[in-house]
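Structural features, examined
Here are the chains, one letter per residue:
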Amino acid sequence: MAMGNLRELKSATASERAARVDLAAAFRLAVRLDLHEGVCNHFSFMLEGGRFLLNRYGLHWSEVTASNLLALDGQGNVLEGEGEFEKTAFYIHSRIHLAHPRAACVLHTHMPYATALTLLEGGRLEMAEQNALRFHEDIAYDDIYNGLVVDDAEGDRLARALGTKRVMFLASHGVIVVGETVADAFDSLYYLERACRLQVLARSMGGKLRAVHADVVQKTYDLMRVDAPKYAEAHFSALKRILEREEPGYSR
């Protein structure tokens with residue numbers, strides 16, 4: 001590990017260090033849960049002062065640590081850390097952070113089951129199963145695939161398409177999940193993939209999805225959202241305890 005990275009981590013404020021540790025944990029956990037792809041995809045977290053954390057280009061997610069995350073500004077300058085960032089990562093994450101202050105954490109993956117739904121014409125996550133109900137009327141669908149996101153204009157278009165939702169399906173591409181904390185966003189990412197996996201498996205059986213009454217959908221969603229922050233924190237803390245036992249280097 002580069003000494004410069006270690007010095008920066010030691011000099012970071014308590015809140016920044018906590019954010020770095022949580023974001024690094026999210027990367028390591030994504031590997032364990034098969035939410036990653038090559039050295040592609042990206043997670044970010046907004047810090048104070050207009051800076052945001054982003055993974056360094058070329059690192060496998062199992063190599064990400066709290067200290068080797070980059071800190072960037074909105075113009076793409078690397079303020080802390082060593083190495084490069086992926087261009088598409090910058091234009092997706094910087095524009096969403098800028099447009100949506102509520103989106104402190106932005107997670108973008110090509111996780112297999114959710115991405116499979118983006119390949120279907122009119123592909124949607126149906127409200128037919130309990131995990132899916134967590135996302136009732138909280139998913140945006142961008143049905144236009146414009147290729148790689150390599151400029152502000154396309155990043156801004158995605159930010160507009162996301163709107164007030166916390167999940168966005170990107171046509172022929174993958175998904176974006178946002179949250180006020182890393183725990184909140186990662187919990188949503190985890191359950192989104194679980195919901196998509198169950199839907200893909202159910203459809204592969206050739207039958208018709210069982211309908212859930214609209215009143216039950218709304219009531220269940222409302223109940224889940226009340227406890228969502230508490231549950232997400234408990235879930236993420238439990239997952240981090242596994243990392244502390246088995247991969248303690250992630251927090252360095």
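Description of the structure in this document. (Residues numbered from 1 in each chain as written. Predicted model: local features only at pLDDT ≥ 70, side-chain atom pairs only at ≥ 80, totals over all residues. Heavy atoms only, no water.)

**A look at unusual backbone geometry**
One non-glycine residue with positive phi stands out, namely E137, at about 55°. Within the fold, E137 resides in the loop between α5 (130–133) and β6 (139–142). Positive phi is not limited to glycine here, since S172 has a value of about 55°. Assignment of secondary structure puts S172 in the loop between β7 (167–170) and β8 (174–179). What makes S172 partly exposed here is its relative accessible area of 43%. (Helix = DSSP H or I, 4+ residues; strand = E, 2+ residues; numbered from the N terminus. Buried < 20%, exposed > 50% of the residue type's maximum accessible area, 1.4 Å probe, protein only.)

**A closer look at a nonpolar patch on the surface**
Among the surface-exposed residues, Y145, L148 and V150 lie close enough to one another that they form a single nonpolar patch of about 320 Å² accessible area. Here Y145 is to be found in the loop between β6 and α6 (152–162). For Y145, a relative accessible area of 45% gives the class partly exposed. (Patch = residues over 30% accessible without salt bridge, like charges linked within 9 Å, V, L, I, M, F, W, Y side chains within 5 Å. Areas by Shrake-Rupley, 256 points an atom, 1.4 Å probe, with all protein chains shown as cover. Salt bridge = Lys/Arg side-chain N within 4 Å of Asp/Glu carboxyl O.)

**Some remarks on the pattern of salt bridges**
Side-chain pairs of opposite charge can arise whenever the charged atoms involved come near each other. What the rule picks out here adds up to 15 salt bridges. Notably, a salt bridge pairs R20 with E16, separated by 3.1 Å at the nearest N-O pair. Of the two residues, R20 and E16 are both situated in helix α2 (residues 14–32); the distance of four residues between them amounts to about one turn of the helix. Here E247 ties to R32 by a salt bridge, and the two come within 2.7 Å at their closest N and O atoms. With E247 in the segment after α8 (214–246) and R32 in helix α2, this pair connects stretches of sequence that are 215 residues apart. Salt bridges linked by common partners bring E16, R20, R51 and E80 together as one network.

**Describing the environment of H100**
The topology assignment puts H100 in the loop between α3 (87–99) and β5 (105–109). For the pair H100 and V178, spaced 78 residues apart in sequence, the C-alpha separation works out to 9.5 Å. Leaving out residues up to four positions away in the same chain, H100 has contacts with A159, L162 and G163. (Contact = heavy atoms within 4.5 Å.)

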